[in-house]
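Analysis of the macromolecular model
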Amino acid sequence: MKIAIVGTGGVGGGFGAALAKAGADVTFIARGAHLAAMKSQGLKLLSPRGDIHLVPTQATDNPAEVGKVDFVLFCVKQWDVESAGERIKPMIGPETAVIPLQNGVDAADRLLPILGAGAVMGGVAQISASIAGPGVIQQVGTFMRMIFGELDGRKSARGERLLAQCEKAGFDATLSDQIQTDLWMKFILLATNASMVALARQPIGGLRDDPDIRPLFIAAANEVMAVGRARGVKIPDNAIETVMSLTDHLPPPQRPSMALDLERGNRLELPWLSGKVVEFGRQLGVPTPTHNLLYAMLKPYIMGKPA
């Protein structure tokens, strides 16, 4: 199976390393010092699940060099979705599946006009990992799951093939017939947790257990659920309980990638997280006061640390 990882950060690097170790033909699309380190020293994944060191690592900054692939795990930052979608066209064959694993809920919709309906599936990545240094990915905790499925809910042969490869790689995987629901369940969790942790500048553990802060998590999660339902997404009645249970089981030191980006002075994906909740809420007449506040207070840092 030929797989391209587009965006070799925590998500792409973590899942890509596991798939490559299990025998898939994986090429990593990266750039800069990270790419140089992978080509010279190999990609390293440091994980409580067991470290992986891929030597040699197939890596390039030019998707046209890779040729047609079976799957693209599309893991670029939200602001790069359209431009990266154009760049990966040389890798797309008639049966290729591009699976966006971004934070947020609209990457697949944005790729459809670029790549065509047949090329895009939906995907959800659940892993806490980030770039620790050039060529090095650090995972926090052992939880690692990928959920993917056709956007129309049908089961497909390509989905079954990827499921088998993921199981061979040893991480949890689900071939879903309700990928929109799965995307929104993650969005409820991430849009809330990313902004809460970023604004507080503290890891998840101390926040979720604070009696004054926990109600804000619940209020924010309810707002995302209300917006999703207003958009016609089927969200289960126990969604908030499920999301809070997941939050309670996260490793106490866990910080979503947006919180790490804030600490490092990097650009934030805020417009596609709390900002998207606020945008949808205004379009649909759904009040989102908690996310309004989270978005407004983090907005000065969207483009990185203010001058």
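Residues numbered from 1 in each chain as written. Predicted model: local features only at pLDDT ≥ 70, side-chain atom pairs only at ≥ 80, totals over all residues. Heavy atoms only, no water.

Let's talk about the pattern of salt bridges
Under the defined criterion, the tally for this structure stands at 14 salt bridges. Between Lys77 and Asp261 there is a salt bridge whose closest N-O contact spans 2.8 Å. Of this pair, Lys77 sits in the loop between strand 6 (69-74) and helix 3 (81-87) while Asp261 sits in helix 10 (residues 257-263), placing them 184 residues apart in sequence. Among the salt bridges present, the one from Glu82 reaches Arg110, with a minimum N-O distance of 2.8 Å. Taken together, the residues span a long stretch of sequence, with Glu82 in helix 3 and Arg110 in helix 4 (residues 107-115) at a distance of 28 residues. Given the relative accessible area of 33%, Glu82 is considered partly exposed. Owing to a relative accessible area of 15%, Arg110 belongs among the buried residues under this scheme. One salt-bridge network, held together by shared partners, links Glu82, Asp106, Arg110, Lys276 and Glu279. (Salt bridge = Lys/Arg side-chain N within 4 Å of Asp/Glu carboxyl O. Helix = DSSP H or I, 4+ residues; strand = E, 2+ residues; numbered from the N terminus. Buried < 20%, exposed > 50% of the residue type's maximum accessible area, 1.4 Å probe, protein only.)

Here's the deal with the sheet that holds strand 2 (residues 25-29)
The sheet built from 5 strands is open, its strands ordered 5-2-1-6-7 with parallel pairing. Strands with a single pairing partner mark the edges of an open sheet, and in this sheet they are strand 5 (59-60) and strand 7 (92-100). Both strand 1 (residues 2-6) and strand 2 contribute to a ladder of 5 bridges, which runs parallel. Its bridge partner lying in strand 2, Ile5 is registered against Phe28. Taken strand by strand, helix 5 (residues 157-169) contacts strand 6 and strand 7, and its axis lies near 60° from that of strand 7. (Pairing = 2+ DSSP bridges. Contact = heavy atoms within 4.5 Å. Axes fitted to C-alpha atoms, helices over the stretch in contact; angles between N-to-C directions.)

Focus: helix 9 (residues 239-248)
Looking at helix 9, one finds that the buried residues are Ala239, Ile240, Val243, Met244 and Thr247. Projection of helix 9 onto a plane perpendicular to its axis shows the buried side chains occupying an angular sector of 125°, all on one side. Buried residues along helix 9 sit in contact with helix 6 (179-200), helix 7 (204-208) and helix 8 (214-230). (Arc of directions from axis to C-beta.)

A short note on the packing of aromatic side chains
Centre distance and the angle of the planes are the two values used to describe a pair of aromatic rings. Using the criterion set out here, one finds 4 aromatic pairs in the structure. Seen from their ring centres, Phe15 and Phe171 are 5.0 Å apart, and the 75° between their planes marks the pair as edge-to-face. One end of the pair, Phe15, is in helix 1 (residues 10-21); the other, Phe171, is in the loop between helix 5 and strand 10 (172-175), and 156 residues separate them in sequence. Judged by its relative accessible area of 0%, Phe15 is buried. Through a chain of ring-to-ring contacts, the aromatic side chains of Trp184, Phe187 and Phe280 assemble into a single cluster. Here Arg201 stacks its cationic end above the ring of Tyr301, 5.2 Å away from the centre of that ring. (Phe/Tyr/Trp six-rings, centres within 6.5 Å; stacked < 30°, edge-to-face > 60°. Lys NZ or Arg CZ within 6 Å of the ring centre and 35° of its normal.)

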